[in-house]
Amino acid sequence: MELKVLGQESLPNAAGGCASSGCGGSTDQLAHLPEHIRAKVHNHPCYSEEAHHHYARMHVAVAPACNIQCHYCNRKYDCANESRPGVVSELLTPEHAVKKVLAVAANIPQMTVLGIAGPGDPLANPERTFATFRALTEQAPDIKLCVSTNGLALPEQVEELCKHNIDHVTITINCVDPEVGAKIYPWIFWNNRRIKGRRGARILIEQQQKGLEMLTERGILVKVNSVLIPGVNDEHLKEVSKVVKARGAFLHNVMPLIAEAEHGTFYGVMGQRGPTHDELQALQDECAGDMAMMRHCRQCRADAVGMLGEDRGAEFTLDRIEEMEIDYAAAMEQRKAVHAAIEANREAQRRKSGESFVSLASLMPKKKELRPVLMAVATTGGGVINQHFGHAREFLVYEASAQDVRFIGHRKVDLYCSGGDTCGDAETALQKTIRILGGCEVVLCSKIGYEPWGELEEAGIAPNGEHAMEPIEEAVAIVYREMAEAGLLERPVEQPTRASA
Amino acid sequence: MALKIIESCVNCWACEPLCPSQAIFEAHPHFLIDARKCTECEGDFSDPQCASICPIEGAILDAAGLALNPPGSLTGIPPSRLAEAMVEIQAR
Ligand code: SF4
Ligand code: SF4
Ligand code: SF4
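- For chain B, an unreviewed UniProt entry supplies the name 4Fe-4S binding protein and the organism Thioalbus denitrificans.
- In its Cofactor (unreviewed entry) section, the UniProt entry covering chain B states "[4Fe-4S] cluster".

- Looking up chain A in an unreviewed UniProt entry gives the name FeMo cofactor biosynthesis protein NifB, with the organism given as Thioalbus denitrificans.
- Its UniProt record gives chain A the following Cofactor (unreviewed entry) comment, quoted word for word: "[4Fe-4S] cluster".
- You can read under Pathway (unreviewed entry) in the UniProt record for chain A the words "Cofactor biosynthesis; Fe-Mo cofactor biosynthesis."

The following block contains the structure:
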């Protein structure tokens with residue numbers, strides 16, 4: 001990933017690519033891609049970091065069966081309060097799934113993408129997956145389709161996949177070495193047999209790599225997801241990043257392992273820990289030397305609905321969609337109009353932040369080393385600061401430095417459980433939020449109550465409600481400039497800045 | 001000669017499409033095997049397909065009532081460790 005040179009990019013370029021930062025990383029990361037590929041990811045919330053502020057996605061759980069076992073998965077688990085991959089509340093038939101997609105697309109016009117991502121493996125359930133895709137290709141041609149697979153059955157399904165309205169496929173690749181694989185995958189089901197250990201892992205790896213190549217040969221974009229498992233594949237993921245890039249993957253998404261004992265997974269039960277925020281960021285930065293990295297992944301539920309980071313699934317349960325009358329032709333018109341308005345808004349924001357960056361750069365005292373600052377932002381989408389501190393279920397984290405503002409990740413407030421009385425969690429919601437914001441020096445939100453204000457300050461995090469409804473990066477840049485002017489940033493740099501890739 | 005699915009089944013659907021005899025069906029609270037139809041896959045496959053993909057140890061029993069995937073055989077978690085962890089979790 002390259003750092004953009006500030007002051008040279010004050011105007012959006014004519015090609016429509018994002019000249020200004022567009023949430024730091026993403027535009028830089030995608031800048032190396034040819035125009036036709038950038039056009040494909042432009043409004044895909046999961047592929048373009050900038051797009052995820054504006055567009056929504058949904059997943060349908062139609063593919064329950066799985067042909068491998070991962071040590072971080074327990075196919076038994078379902079908790080309505082939890083948001084993580086593999087968790088769903090209702091399994092749908094393809095017919096119901098199609099109905100739900102049409103209902104959501106009509107009610108949430110920002111929706112651009114329908115994904116099938118489990119629980120289970122979509123390609124281990126080809127009938128159900130492709131029945132859903134076939135119907136949607138026909139009935140909702142303006143929706144992009146997307147699959148996420150473990151890759152075991154991928155080579156044999158590539159031809160069928162290419163027949164549908166699919167631009168991208170996500171393959172979860174946690175290793176390219178069977179030795180490592182044996183520590184992640186206890187077994188696979190292959191040629192009508194269960195194959196354990198290294199032999200199984202080797203077959204899985206071969207199939208994944210073959211599938212990856214076949215897809216990229218056919219012009220389908222491939223994103224690779226990897227789960228970062230400390231002590232198992234942390235070092236190895238750098239190698240994975242290199243290998244998959246060489247085979248044509250266009251984006252790498254390293255996600256933290258989620259392994260709580262109560263989830264009943266192998267790792268959970270055996271006490272395997274997940275990575276810290278710092279470990280995750282460090283590895284993402286190291287891989288970034290070779291590969292575009294995705295940092296806004298929310299590890300969504302397999303039946304999530306809405307903008308990334310929100311879940312409106314409860315509005316679209318089976319009994320509710322039964323009652324809805326959907327005129328999809330009309331909905332499609334409305335969607336077109338909404339998407340045009342979003343694009344106009346994005347364009348305007350781009351121009352604006354372009355301007356603010358110029359002034360940011362010119363105002364910076366050039367000679368002094370300014371340390372970078374992490375800031376947390378509460379937003380419900382649209383690329384602006386528009387959420388009350390107390391309502392935020394997650395915060396986007398940005399790093400401001402003398403060079404630029406870049407998005408580096410998100411932190412969920414309620415990743416596992418909202419805590420409180422029911423779970424016997426002694427920590428209050430506010431304390432938990434403060435802990436999760438550790439390392440951030442500022443939190444930007446539309447409003448904040450008196451009590452959390454005091455506690456945040458005490459914890460060394462400056463609450464800031466002065467930039468409500470302003471574009472995120474612009475506000476972060478302004479606050480950083482103010483901190484610089486107030487002389488808060490001239491302490492010697494302890495850690496090297498991350499913006500060095 | 002037939003296999004049996006018991007209550008530890010988590011209804012994950014993995015076995016149902018694989019059965020060459022269409023002996024497995026979705027039922028509540030868990031999937032079931034129609035004993036009249038199950039051939040233990042003889043003549044079709046060398047291993048019973050349901051037991052070869054089932055992710056849950058102990059969910060499928062043979063005619064003698066023995067688990068085809070006994071505790072520890074799939075996850076590699078020693079049964080004693082699992083029991084310990086469960087106690088820890090429940091004590092919270
Ligand atoms: S591929 Fe997905 S559903 Fe299958 S075991 Fe792994 S995580 Fe679970
Ligand atoms: S043993 Fe074979 S025939 Fe019997 S239920 Fe299982 S898959 Fe079907
Ligand atoms: S594979 Fe096992 S757990 Fe899954 S439905 Fe069949 S018997 Fe139940």
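Moving on from the coordinates now.
## Concerning the overall build of chain A
Then, number 1: Per the secondary structure count, chain A includes 15 helices and 15 strands.
Then, number 2: In chain A, buried positions account for 58% of the 501 residues.
Then, number 3: Long-range contacts, defined as pairs at least 24 residues apart, comprise 74% of the intrachain contacts of chain A with a sequence gap of at least 6.
Then, number 4: If you sum the accessible surface of chain A, you get close to 20,000 Å²; carbon and sulfur atoms cover 51% of it.

## A closer look at the confidence of the model for chain B
Residue and element names in this part refer to chain B.
Then, number 1: Mean pLDDT over chain B stands at 90; residues scoring 70 or higher make up 98%.
Then, number 2: Taking the mean pLDDT of every element in chain B, the minimum, 76, falls on helix 2 (residues 79-90) and the maximum, 97, on helix 1 (residues 49-53).
Then, number 3: Across the interface, the model reports ipTM at 0.92; the global pTM reads 0.72.

## So, the interface of chain B and chain A
Many analyses report the size of an interface as the accessible area lost when the parts associate.
Then, number 1: With 27 residues of chain B in contact, the opposing surface of chain A contributes 22 residues.
Then, number 2: Here chain B packs against chain A, burying approximately 2,000 Å² in sum over the two surfaces, 61% of which is carbon and sulfur.
Then, number 3: Looking only at chain B, the three residues that lose the most surface to chain A are Trp-13, Ile-53 and Leu-74 of chain B, adding up to 23% of its buried area.
Then, number 4: At the junction of chain B with chain A, the criterion picks out one salt bridge.
Then, number 5: Among the salt bridges present, the one from Arg-193 of chain A reaches Asp-47 of chain B, with a minimum N-O distance of 3.4 Å.
Then, number 6: Between chain B and chain A we count eight residue pairs in polar contact (both at pLDDT 80 or more) in total.
Then, number 7: Those elements that place two or more of their residues in the side of chain B that touches chain A are helix 1 and helix 2 of chain B.
Then, number 8: It is helix 2 of chain B that provides the largest number of residues to the side of chain B that touches chain A, a total of five residues.
Then, number 9: Residues of the side of chain B that touches chain A, tallied by class, amount to 17 nonpolar, seven polar and three charged.

## Focus: the confidence of the model for chain A
Residues and elements named next belong to chain A.
Then, number 1: Of the residues in chain A, 73% reach a pLDDT of 70 or more, and the chain-wide mean stands at 77.
Then, number 2: Every residue in residues 1-28 scores below 50 in pLDDT, and together they form 67 contacts with partners more than four places removed in sequence or on other chains.
Then, number 3: Within the model, the stretch residues 415-425 combines pLDDT values under 50 with 12 contacts to residues more than four positions away or in other chains.

## A look at the sheet that holds strand 11 (residues 373-377) of chain A
All names here are of chain A.
Then, number 1: Strands sit in the order 13-12-11-14-15 across an open sheet of five strands; the sheet is mixed. If you trace the sheet from one side to the other, it starts and ends with strand 13 (405-412) and strand 15 (462-464), each paired once. In this sheet, adjacent strand axes meet at a mean angle of 25° when their direction is disregarded.
Then, number 2: Contacting strand 11, strand 12 (394-400), strand 13, strand 14 (442-444) and strand 15, helix 15 (residues 472-485) runs over the sheet at an angle of about 140° to strand 11.

## Regarding the nonpolar core
General note: in soluble globular proteins, nonpolar side chains tend to be found buried as a group.
Residues and elements named next belong to chain A.
Then, number 1: Core analysis: the biggest nonpolar cluster contains 53 residues, and Val-60, Met-111, Leu-114, Phe-133, Leu-161 and Leu-215 have the highest contact counts within it.
Then, number 2: The greatest single-element share of this core, amounting to eight residues, is contributed by helix 3 (residues 94-107).
Then, number 3: Residues within four places of Leu-114 in sequence aside, it is in contact with Met-58, His-59, Val-60, Val-101, Phe-133, Leu-136, Ile-143, Lys-144, Leu-145 and Cys-146.

Definitions and limits used
- Residues numbered from 1 in each chain as written.
- Chains lettered and ligands numbered in written order.
- Predicted model: local features only at pLDDT ≥ 70, side-chain atom pairs only at ≥ 80, totals over all residues.
- Heavy atoms only, no water.
- UniProt positions renumbered as here; feature names shortened; annotations may be inferred.
- Helix = DSSP H or I, 4+ residues; strand = E, 2+ residues; numbered from the N terminus.
- Buried < 20%, exposed > 50% of the residue type's maximum accessible area, 1.4 Å probe, protein only.
- Contact = heavy atoms within 4.5 Å.
- Areas by Shrake-Rupley, 256 points an atom, 1.4 Å probe, with all protein chains shown as cover.
- pLDDT = per-residue confidence, 0-100.
- Buried area = accessible area lost by both parts, 1.4 Å probe.
- Salt bridge = Lys/Arg side-chain N within 4 Å of Asp/Glu carboxyl O.
- Polar contact = N/O pair within 3.5 Å; in protein donor to acceptor, adjacent residues only side chain to side chain.
- Nonpolar A, V, L, I, M, F, W, Y, C, P; charged D, E, K, R; others polar.
- Pairing = 2+ DSSP bridges.
- Axes fitted to C-alpha atoms, helices over the stretch in contact; angles between N-to-C directions.
- Core = buried A, V, L, I, M, F, W, Y, C linked by side-chain atoms within 4.5 Å.

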